[in-house]
Amino acid sequence: MIPENAGPAAVIVLAAGAGTRMKSRTPKILHEIGGLSMVGHALRAARSINPQRLAIVVRHERDLVEGHVAALDPQALIVDQDDVPGTGRAVEAALEALDAGQALAGTVVVTYGDVPLLSGELLTELVATHEFEGNAVTVLTAVLDDATGYGRILRGEDGSVTGIREHKDSSEAEKLIREVNSGIYAFDAAVLRDALGKVTTDNAQGEKYLTDVLGLAREAGGRVAAVVTADRWQVEGANDRVQLAALGAELNRRTVEAWMRAGVTVVDPATTWIDSSVTLDEDVRLLPNTQLHGATTVARDAVVGPDTTLTDVTVGEGATVARTHGSGSVIGPRAAVGPFTYLRPGTVLGEKGKVGAFYETKNVTIGRGSKLSHLGYAGDAEIGEDTNIGCGNITANYDGEKKHRTVIGSGVRTGSNTVFVAPVTVGDGAYSGAGAVIRKDVPAGALALSVAAQRNAEGWVPAHRPGTRSAELAQAATNDSSSTPASTEEGK
């Protein structure tokens with residue numbers, strides 16, 4: 001049974017090309033912008049119009065592409081393009097696979113895996129126009145300031161599309177036309193099926209062209225029309241790294257602008273990068289050189305940046321995160337992180353907690369109000385509430401083969417340069433002295449010390465470093481010290 005909100009009969013995404021101009025071992029459509037592969041963007045747009053079926057045609061690096069698509073959209077039908085080249089054959093192969101069991105009826109949309117800025121709204125407009133007008137074919141077109149290299153749209157007096165002329169075949173008058181073919185179409189399934197059966201490879205390239213369907217549809221009495229977009233970015237593809245970067249920058253510009261209109265302050269949009277999967281609340285403030293990736297979420301009144309990169313990090317309400325690199329972590333409400341902090345996966349910082357300057361954390365839970373202020377490492381650890389970890393503290397969690405856990409209670413105060421040799425537990429309210437090496441459990445309320453007698457080798461520097469500045473200063477200080485009692489007596 002077809003759901004009531006179903007859109008077109010099918011969407012076919014063409015993704016079989018090798019993309020040689022990318023000069024990459026990674027298939028072109030798997031290159032990312034905005035935190036998602038180009039084909040991921042294409043699939044998201046296709047799904048947003050609720051097609052009854054969705055097929056993607058693959059060939060180059062087939063297994064790699066199939067695995068990626070399956071992870072993004074397990075319901076998508078993977079179709080292999082055979083040795084017959086051309087977009088017409090790719091669509092024909094997809095239609096044959098979709099027709100298996102029961103022939104499709106209705107609208108079939110054809111789009112591409114390397115057009116990442118195409119929106120569901122524009123596809124919806126394409127389908128709605130196609131079906132309202134009863135067209136055989138509706139092509140999505142764009143108006144460009146410079147149409148060089150693109151196929152021109154030829155129109156009749158009634159506004160219908162009479163043909164598509166490739167740039168190299170265009171007359172001087174036709175080259176003045178600014179409306180170009182995007183290669184994205186809505187077809188009537190029966191028209192498409194019939195026309196593809198008649199398309200040949202009898203051309204200079206030996207390919208089966210999808211554009212030939214338009215002429216065949218007109219010959220059969222069908223109407224061919226167009227939907228025009230003034231937003232060229234929605235139909236731009238990426239064939240090389242230059243185009244990929246341009247599309248990425250434009251996507252980011254739109255993403256940042258959308259968040260600003262939604263109530264987020266972005267101090268410097270030019271240096272702020274936000275993935276399409278990021279979620280931000282109103283009154284978030286992003287400072288310059290901030291990058292937010294993956295499933296990162298930032299709650300109201302939080303301040304992130306400057307010079308901060310977060311991936312899959314949850315930032316709580318009113319938290320501040322400055323000059324920090326973090327991933328897979330949770331920062332609680334009104335907590336403070338940074339500057340120059342590295343949050344590794346598994347870090348959970350509680351409400352009003354702090355991880356300060358030059359600190360690294362990994363797989364650690366830090367309770368409410370606890371502070372790790374500077375110059376340390378906490379890994380594979382659990383720290384209670386209202387605990388203060390002193391400067392230079394580390395958890396020695398790795399014995400060379402296995403990781404071990406440190407548990408530090410609530411209300412603990414540790415001296416500078418304390419080392420916790422895991423596995424070890426420190427009870428609530430305990431203290432440690434400066435330089436302590438904690439190898440055994442510390443009971444609640446105890447003071448842990450590692451005390452060795454201090455020994456001073458007097459005169460060592462002048463004897464072992466003669467002629468140095470240190471030796472000269474030491475000798476002068478010694479001479480001054482020896483003369484002090486006599487001067488004091490004279491003054492009495």
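Residues numbered from 1 in each chain as written. Predicted model: local features only at pLDDT ≥ 70, side-chain atom pairs only at ≥ 80, totals over all residues. Heavy atoms only, no water.

**Structural notes on the overall build of the protein**
Across its full length, the protein holds 9 helices and 37 strands. Here the C-alpha radius of gyration of the protein, 34 Å, is well above what a compact globule of 492 residues would show, namely 23 Å. For the protein, the spread of C-alpha atoms along the three principal axes comes to 120 × 55 × 45 Å. Evaluated residue by residue, the protein yields a buried proportion of 45% over its 492 residues. Considering only intrachain contacts with a sequence separation of at least 6, the fraction spanning at least 24 residues in the protein is 39%. When the accessible surface of the protein is totalled, it reaches about 24,000 Å², and 50% of it is carbon and sulfur. (Helix = DSSP H or I, 4+ residues; strand = E, 2+ residues; numbered from the N terminus. Rg over C-alpha atoms; globule rule 2.2 N^0.38 Å. Buried < 20%, exposed > 50% of the residue type's maximum accessible area, 1.4 Å probe, protein only. Contact = heavy atoms within 4.5 Å. Areas by Shrake-Rupley, 256 points an atom, 1.4 Å probe, with all protein chains shown as cover.)

**Concerning the environment of Ala336**
Mapped onto the elements, Ala336 comes out in strand β24 (residues 336-337). Excluding anything up to four places from it in sequence, Ala336 contacts Thr320, Leu349, Gly353, Lys354 and Val355.

**Regarding the side chain of Asn181**
Note on placement: Asn181 falls in strand β10 (residues 179-188). At 2.8 Å, the side chain of Asn181 forms a polar contact with the backbone nitrogen of Gly183. Side chain to side chain, Asn181 and Tyr185 meet in a polar contact 3.1 Å long. Leaving out residues up to four positions away in the same chain, Asn181 has contacts with Val139, Leu140, Tyr150, Gly151, Ile153, Ile164 and Thr211. (Polar contact = N/O pair within 3.5 Å; in protein donor to acceptor, adjacent residues only side chain to side chain.)

**Digging into the environment of Asp281**
Inspection of the secondary structure assignment puts Asp281 in the loop between β14 (279-280) and β15 (285-286). Spatially, the C-alpha atom of Asp281 lies 63 Å from that of Arg465, the residues being 184 residues apart in sequence. Here Asp281 is in contact with Val264, Val298, Ala299 and Arg300, once residues within four sequence places are set aside. A distance of 3.4 Å separates the side chain of Asp281 from the backbone nitrogen of Arg300, its partner in a polar contact.

**Some thoughts on helix α1 (residues 38-47)**
The element α1 is extensively covered by neighbouring structure, given that 8 of its 10 residues are classed as buried. When we look at burial in α1, the residues that qualify are Met38, Val39, Gly40, His41, Ala42, Leu43, Ala45 and Ala46.

**A word on the pairing of strand β1 (residues 10-15)**
Of all 6 residues making up β1, 6 are buried, and the element is well covered by its neighbours. Side chains Ala10, Ile12 and Leu14 project from β1 onto one buried face, and the interleaved Val11, Val13 and Ala15 project onto a second face that is buried too. Inspection of the sheet shows β1 paired to strand β6 (residues 107-112) by 5 bridges, in the parallel sense. In the strand pairing of β6, Ala10 is matched with Val108. Two elements, β1 and strand β4 (residues 53-58), share 6 bridges in a ladder whose sense is parallel. Note on β4: the bridge partner recorded for Val13 is Ile56. (Pairing = 2+ DSSP bridges.)

**Observations regarding the pattern of salt bridges**
Under the counting rule described, the total for this entry stands at 31 salt bridges. As a salt-bridge pair, Asp73 and Arg47 come within 2.7 Å of each other at their nearest N and O atoms. Taken together, the positions of Asp73 in the loop between α2 (62-72) and β5 (77-80) and Arg47 in helix α1 put the pair 26 residues apart, joining distant regions of the chain. Of the residues examined, Asp73 reaches a relative accessible area of 9% and is grouped as buried. Given the relative accessible area of 29%, Arg47 is considered partly exposed. Across the pair Asp82 and Arg89 runs a salt bridge, and its minimum N-O distance is 2.6 Å. We classify Asp82 as partly exposed; its relative accessible area is 30%. (Salt bridge = Lys/Arg side-chain N within 4 Å of Asp/Glu carboxyl O.)

**Some details on the pairing of β6**
Where burial is concerned, most of β6 is hidden: 6 out of the 6 residues are buried. Burial along β6 is two-sided: the face carrying Thr107, Val109 and Thr111 and the face carrying Val108, Val110 and Tyr112 are both buried. In terms of strand pairing, β6 meets β10 through 4 bridges, oriented antiparallel. Within β10, the position partnered with Thr107 by the bridge is Asp188.

**Let's talk about the packing of helix α5 (residues 189-196) against helix α6 (residues 212-219)**
Packing of α5 against α6 brings their axes to within 9 Å, and their N-to-C directions diverge by 110 degrees. Viewed along their axes, α5 and α6 adopt a mutual orientation that is roughly perpendicular. Of α6, the residues touching α5 (which contributes Val191, Leu192, Ala195 and Leu196) are Val213, Leu216 and Ala217. Looking at the contact of α5 with α6 residue by residue, the class counts come to 7 nonpolar, no polar and no charged. (Axes fitted to C-alpha atoms, helices over the stretch in contact; angles between N-to-C directions. Parallel < 35°, antiparallel > 145°, perpendicular 65-115°, else oblique. Nonpolar A, V, L, I, M, F, W, Y, C, P; charged D, E, K, R; others polar.)

**Overview of helix α7 (residues 241-261)**
When the terminal C-alpha atoms of α7 are compared, their 30 Å separation across 21 residues agrees well with the 30 Å that a helix rising 1.5 Å per residue should span. When we look at burial in α7, the residues that qualify are Leu244, Leu247, Gly248, Glu250, Leu251, Asn252, Thr255, Val256 and Trp259. For α7, the elements touching its buried residues are β2 (32-33), α1, β12 (265-266), β13 (273-274) and β14. For α7, the side-chain oxygen to backbone nitrogen distance between the N-cap and Val242 is 3.1 Å, and the N-cap itself is Asp240. Gly263 occupies a position one or two residues after α7 and carries a positive phi of about 110 degrees. (Expected span 1.5 Å × (residues − 1).)

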